[in-house]
Amino acid sequence: MPSTVAPARAQRLAVWDGSRWVTWWDADAAPVQWGAAHPVVSAAVQWRQVGPGLETGLLRLSGNGEAWRFNVVLVRADPARLKLSLHVKRRADGRAMPWSVAELPQDAVLGLNAGMFDVVGPWGWIVLDGDERQPPGFGPLSSALVIDSAGRPRIVGADSIAAVRTSGGVRWAVQSYPTALDGDGAVPPALQLRRRGVNLTHRDARLAVATLRDGRLLVALTRFDGLGGALDVVPFGPTLPEMTAVLGALGAQRAVFLDGGISAQMAVRDSAGKLQQWEGVRRVPLALVARPR
């Protein structure tokens with residue numbers, strides 16, 4: 001199997017299978033394409049249906065350094081049962097306001113920060129309810145989450161954004177970076193080799209969105225596992241190649257990272273109305289939300 005060039009400190013990941021830690025990924029022999037889910041990793045997730053078309057799960061992982069213990073909070077959302085959209089919190093005068101998952105709309109069952117942000121707001125291509133608010137940004141490692149007029153989500157690579165933009169039928173779109181999986185589970189070369197302009201050893205809290213082969217959307221959010229969860233907002237976590245491996249091992253076909261670190265946040269509301277939140281430290285200008293159809 002093709003492998004990447006390992007960074008200076010070997011990166012390895014182990015998963016808790018319910019009784020022991022099992023090493024399942026090693027940077028010295030990392031796949032460059034994930035054609036299917038990894039059996040050990042996928043079996044370690046106990047999925048729980050919390051509402052129509054909405055499931056949550058948890059992975060317990062162990063890595064190197066600050067990522068010696070971390071969890072991956074998972075959500076699977078079925079667009080056939082849920083309406084996906086982008087959400088902006090607004091003042092009475094219509095101006096946008098910073099948002100957090102504590103302010104999830106009452107009719108929404110899922111919310112998370114969307115896209116990548118800079119000091120002035122979201123970066124890159126933004127389409128809100130069919131209205132293009134920002135043109136695409138330049139970034140060969142970027143992708144866009146696009147939701148069409150029928151509510152179907154897809155992740156579009158940088159080389160296809162222009163064609164999708166002009167083809168019509170885009171109701172919601174948000175651009176982000178870097179791409180984690182491109183094509184049928186392929187790992188971009190920049191996430192395989194050093195000296196490609198991407199820091200492959202930096203550890204941080206990660207948030208990513210992916211499409212599965214059955215059409216569902218997968219969201220993955222990492223949380224540091226320290227002091228029984230008391231330190232879960234500390235931005236320690238996996239490297240970009242490690243998180244890419246997690247997404248591939250869960251069966252993702254295409255995936256892109258969203259703003260992580262202290263921006264990473266998510267909330268899920270179950271069918272009984274109970275809200276579970278994984279808060280971030282920073283308020284954000286744009287959210288991805290899901291509502292029942």
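For the structure itself, look to the data block above.
Here is what the cut-offs are and how they apply
- Residues numbered from 1 in each chain as written.
- Predicted model: local features only at pLDDT ≥ 70, side-chain atom pairs only at ≥ 80, totals over all residues.
- Heavy atoms only, no water.
- Phe/Tyr/Trp six-rings, centres within 6.5 Å; stacked < 30°, edge-to-face > 60°.
- Lys NZ or Arg CZ within 6 Å of the ring centre and 35° of its normal.
- Core = buried A, V, L, I, M, F, W, Y, C linked by side-chain atoms within 4.5 Å.
- Buried < 20%, exposed > 50% of the residue type's maximum accessible area, 1.4 Å probe, protein only.
- Helix = DSSP H or I, 4+ residues; strand = E, 2+ residues; numbered from the N terminus.
- Contact = heavy atoms within 4.5 Å.
- Pairing = 2+ DSSP bridges.
- Lys, Arg positive; Asp, Glu negative; His and termini not counted.
- Salt bridge = Lys/Arg side-chain N within 4 Å of Asp/Glu carboxyl O.

Structural notes on the packing of aromatic side chains
Item 1. Going through the model one piece at a time under the given rule, you end up with 4 aromatic pairs.
Item 2. Arg-76 extends its terminal NZ or CZ atom over the ring of Trp-47, reaching a point 3.8 Å from the ring centre.

As for the nonpolar core
Item 1. Ranked by size, the top nonpolar core spans 43 residues in total, and within it Leu-54, Leu-86, Leu-110, Leu-112, Met-266, Leu-286 and Leu-288 carry the most contacts.
Item 2. By residue number, the principal contributor to this core is strand β23 (residues 287–292), which donates 4 residues.
Item 3. What Leu-86 contacts, discounting residues up to four positions off in sequence, is Ala-114, Val-127, Leu-128, Trp-172, Ala-173, Val-174, Leu-286, Ala-287 and Leu-288.
Item 4. By size, the runner-up hydrophobic cluster in this structure holds 39 residues, among which are Ala-44, Leu-200, Leu-247 and Phe-257.

So, the pairing of strand β1 (residues 12–16)
Item 1. Here β1 pairs with strand β2 (residues 21–26) via 5 bridges, running antiparallel. Looking at β2, one finds that Val-15 is bridged to Val-22.
Item 2. Counting the residues between successive antiparallel strands, the hairpin from β1 to β2 contains 4 residues, one of them, Gly-18, with a positive phi of roughly 110°.
Item 3. The sheet contact formed by β1 and strand β4 (residues 54–62) spans 2 bridges and is antiparallel. Bridge pairing in β4 places Ala-14 opposite Ser-62.

Observations concerning the pairing of strand β19 (residues 217–224)
Item 1. Counting buried positions along β19 gives 8 out of 8 residues, so the element sits mostly inside the fold.
Item 2. Burial of the side chains of β19 extends over both faces: Leu-217, Val-219, Leu-221 and Arg-223 are buried on one face and Leu-218, Ala-220, Thr-222 and Phe-224 on the other.
Item 3. Summarising the sheet, strand β5 (residues 70–77) and β19 pair through 8 bridges and their orientation is antiparallel. When the sheet's bridge partners are listed, Val-75 is paired in β19 with Val-219.
Item 4. Pairing geometry for strand β18 (residues 207–212) and β19, over 5 bridges, is antiparallel.

Some thoughts on the side chain of Asp-259
Item 1. Among the secondary structure elements, Asp-259 is positioned in the loop between β20 (252–258) and β21 (266–269).
Item 2. Although buried, Asp-259 forms no salt bridge, and the nearest oppositely charged side chain, Arg-282, lies 4.3 Å from it.
Item 3. Apart from residues lying up to four places away in sequence, Asp-259 is in contact with Asn-113, Gly-115, Met-116, Phe-117, Leu-207, Ala-264 and Arg-282.

Read these as geometric descriptors, not functional statements.
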